[in-house]
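Observations on chain architecture
Chain by chain, the residues:
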Amino acid sequence: TGPTDDDIMMINFLIDSGFPFIVVATKTDKLSKSALAEALKSLDEEYFAGTGIKTIPFSSVTREGKEQLWNKINEFWN
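Residues numbered from 1 in each chain as written. Predicted model: local features only at pLDDT ≥ 70, side-chain atom pairs only at ≥ 80, totals over all residues. Heavy atoms only, no water.

On to the overall build of the protein. Along the protein, the regular secondary structure elements total three helices and two strands. The linear arrangement of helices and strands in the protein, starting from the amino end, is α-β-α-β-α. Taking 2.2 N^0.38 as the reference for a compact globule, 78 residues should give roughly 12 Å; the C-alpha atoms of the protein span a radius of gyration of 13 Å, in line with that estimate. Seen through its principal axes, the protein has C-alpha atoms that stretch 35 × 30 × 20 Å. (Helix = DSSP H or I, 4+ residues; strand = E, 2+ residues; numbered from the N terminus. Rg over C-alpha atoms; globule rule 2.2 N^0.38 Å.)

On the secondary structure map, Ser59 appears in the loop between β2 (55–57) and α3 (66–77). Among the polar contacts made by the side chain of Ser59, one reaches the side chain of Asp29 at a distance of 2.7 Å. Beyond its immediate stretch of four places on either side in the chain, Ser59 contacts Thr28, Asp29 and Glu64. (Polar contact = N/O pair within 3.5 Å; in protein donor to acceptor, adjacent residues only side chain to side chain. Contact = heavy atoms within 4.5 Å.)

Applying the stated criterion across every chain yields a total of two salt bridges. Among the ionic pairs, Glu45 bridges to Lys41, the shortest N-O distance being 4.0 Å. Residue Glu45 and its partner Lys41 are both found in helix α2 (residues 33–46); the two are separated by four residues, about one turn of the helix. A salt bridge links Glu75 to Lys72, with the shortest nitrogen-to-oxygen separation between them at 3.7 Å. Here the residue Glu75 and the residue Lys72 both occupy positions in helix α3, the gap between them amounting to three residues, near one helical turn. Owing to a relative accessible area of 55%, Glu75 belongs among the exposed residues under this scheme. For Lys72, a relative accessible area of 28% translates into the label partly exposed. (Salt bridge = Lys/Arg side-chain N within 4 Å of Asp/Glu carboxyl O. Buried < 20%, exposed > 50% of the residue type's maximum accessible area, 1.4 Å probe, protein only.)

This next bit is on the nonpolar core. If you look at the biggest cluster of nonpolar residues, it comprises five residues: Ile11, Val23, Leu43, Phe48 and Ile53. Among all residues touching Leu43, those that are not within four sequence positions of it are Pro3, Phe48 and Thr55. (Core = buried A, V, L, I, M, F, W, Y, C linked by side-chain atoms within 4.5 Å.)

Together, Trp70, Ile73, Phe76 and Trp77 make up an exposed nonpolar region whose accessible area comes to about 500 Å². Note on placement: Trp70 falls in helix α3. (Patch = residues over 30% accessible without salt bridge, like charges linked within 9 Å, V, L, I, M, F, W, Y side chains within 5 Å. Areas by Shrake-Rupley, 256 points an atom, 1.4 Å probe, with all protein chains shown as cover.)

Within the secondary structure, Ile56 is located in strand β2. Overall, the relative accessible area of 1% leaves Ile56 in the buried class. If sequence neighbours within four positions are ignored, Ile56 has contacts with Ile22, Val23, Val24, Ala25, Gly65, Gln68, Leu69 and Lys72.

Any functional reading would require information that these geometric values do not contain.
This is the structure we're talking about:
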């Protein structure tokens, strides 16, 4: 499913405040690869088109996205 109303409210707050951020799409292990690709595309097109906001797919079960997320965190702090 997509972002909740609270997610959208927080994203709008962060955009308006100028805070750098990324979106972490969790529980990606619950989707097939094709469903995940479609969900990420939908997020990008419906919510983040033209914003430059990056979405990282992440699963705590399979650890997918763990390295990419840590790289972004380190990039921000360095």
